[in-house]
Amino acid sequence: MSQADYRLSIASIFKETPDEWERHKDSETVATLEKNLSSITDNFSFKVPGVKAVEELTKKCISFSTIGTYCKCKFKYFLNYVLGLQPVPEEILELSYMDAGSVFHAVLSDHLGRGVPLDQSLENHLKRYSGSVNKSLFKRRFDQMLRDLEDYLEFDRIRSSELGERVLHTEFAFGFDDSEDSSLHLTNKICFRGFIDRIDMLENENLFIIDYKSGTSSSSAVPEQLIIYSMAVEQAFSNEGRYVNGGEFRLIKGKTKSKPFGVEYEDGERVWRFRKNLNFLTYDPAESGRITDAELVEAIEGVVDSIASGEFSAETRKNEEPKGCFLCDFREICDLLKWRQKGVPTDG
Ligand code: SF4
């Protein structure tokens, strides 16, 4: 990357405001960015030697969202995991989508896993994310989220009773330094860690995996993530001889609140079957919603190979235009890329 490109990247981050640049030019953030950008040896092709990108994936355990980010936008993966850029979230009046999700997850875990009263848990967690908002705004948020949680828990109670399941674990972590359960080695080179919202036990004493989604739609629900979680849970419970029979995404605010999957065996091969409206991120199935263990491994290996090749264009895995640009933290930097693609010279 040339000096001019570097300056433009910085300017893009600071929204091309000279005053902001003056304030930040000697900061640690800019120094880190310069160091990261200097590792790009090609002349603004956004192809970097695969070594660093692959190190990220193979020298340590990763969460499935790392693979998912690449499949949704290769360039976003590059900015986030290769350059290590961490955008500062904008201050907004309402809770951000991410923060609201964190509050919902934490409260459900407290309430269903440890019996903490709903309103008490919500107040505690909401305070952590609400900063210095005034009392009336806090109360408005609290009341709305309490209503959403009460509605969801009514659904959850009925659904769990239909399935004959009970909560066994909430916030089950695997593969982290401080977690009791070990990482999942999908292959010799690909190792996952993760954080599972909930594991239930069915009447037959086998297991059922639940992942909460705090939005109203299932667009962020990635089937492969539940498969990785199921494999990690089976590994953790192998000494008890328990298997995962199925699981589902549960949408806290969605109209249709459950998106289930089941596990079947065909000719001795394990098959994961999801509802047809859930799309795999890493794989294009011959039959909608169906994937085997071997197909999953091959698909994820294919994504890792693509990362290793240094392919980081602003496209999805299927070479389509990314869908999440509007909400993407990196859209400012992407404007630079679009500007460059229009052919503006680099040495200005
Ligand atoms: S703004 Fe869009 S193209 Fe750019 S990194 Fe984000 S998702 Fe990718």
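Check the entry above for the structure.
Residues numbered from 1 in each chain as written. Predicted model: local features only at pLDDT ≥ 70, side-chain atom pairs only at ≥ 80, totals over all residues. Heavy atoms only, no water.

Caption draft 1: Examining the pattern of salt bridges more closely. Inspection of the entire model under this criterion finds 26 salt bridges. The salt bridge involving Arg270 is made with Glu234; its shortest N-O contact spans 2.9 Å. Pair noted here: Arg270 is in strand β8 (residues 269-274) and Glu234 is in helix α10 (residues 223-236), with a separation of 36 residues, a long-range link. The exposure class of Arg270 is buried, given its relative accessible area of 13%. Measuring nitrogen to oxygen at the nearest pair gives 2.8 Å for the salt bridge that ties Glu287 to Arg273. Here Glu287 is found in the loop between β8 and β9 (290-292), whereas its partner Arg273 is found in strand β8, with 14 residues between them in sequence. Taken together, the salt bridges that share partners define one network made up of Asp156, Arg159, Glu162, Glu165, Arg198, Asp200, Glu248 and Arg250. (Salt bridge = Lys/Arg side-chain N within 4 Å of Asp/Glu carboxyl O. Helix = DSSP H or I, 4+ residues; strand = E, 2+ residues; numbered from the N terminus. Buried < 20%, exposed > 50% of the residue type's maximum accessible area, 1.4 Å probe, protein only.)

Caption draft 2: Region of interest: the side chain of Lys259. Looking at the secondary structure, you find Lys259 in strand β7 (residues 258-266). Despite its burial, Lys259 pairs with no opposite charge, the nearest such side chain being Glu248 at 10 Å. Aside from chain neighbours lying at most four places away, what touches Lys259 is Ser218, Gly247, Glu248, Phe249, Leu251, Asn277 and Leu278. (Lys, Arg positive; Asp, Glu negative; His and termini not counted. Contact = heavy atoms within 4.5 Å.)

Caption draft 3: Molecular detail of the packing of aromatic side chains. Taken as a whole and judged by the stated rule, the model has 15 aromatic pairs. With 5.5 Å between their ring centres and 90° between their planes, Tyr70 and Tyr77 make a pair best called edge-to-face. Relative to Tyr81, the ring of Tyr77 has its centre 5.0 Å away and its plane inclined at 40°; by these criteria the two rings are tilted. Of this pair, Tyr77 and Tyr81 both sit in helix α6 (residues 74-82), 4 residues apart, which is roughly one turn of that helix. You can call Tyr81 partly exposed: its relative accessible area is 23%. Joined through ring pairs, the aromatic side chains of Tyr70, Phe75, Tyr77, Phe78, Tyr81 and Phe312 make up one cluster. (Phe/Tyr/Trp six-rings, centres within 6.5 Å; stacked < 30°, edge-to-face > 60°.)

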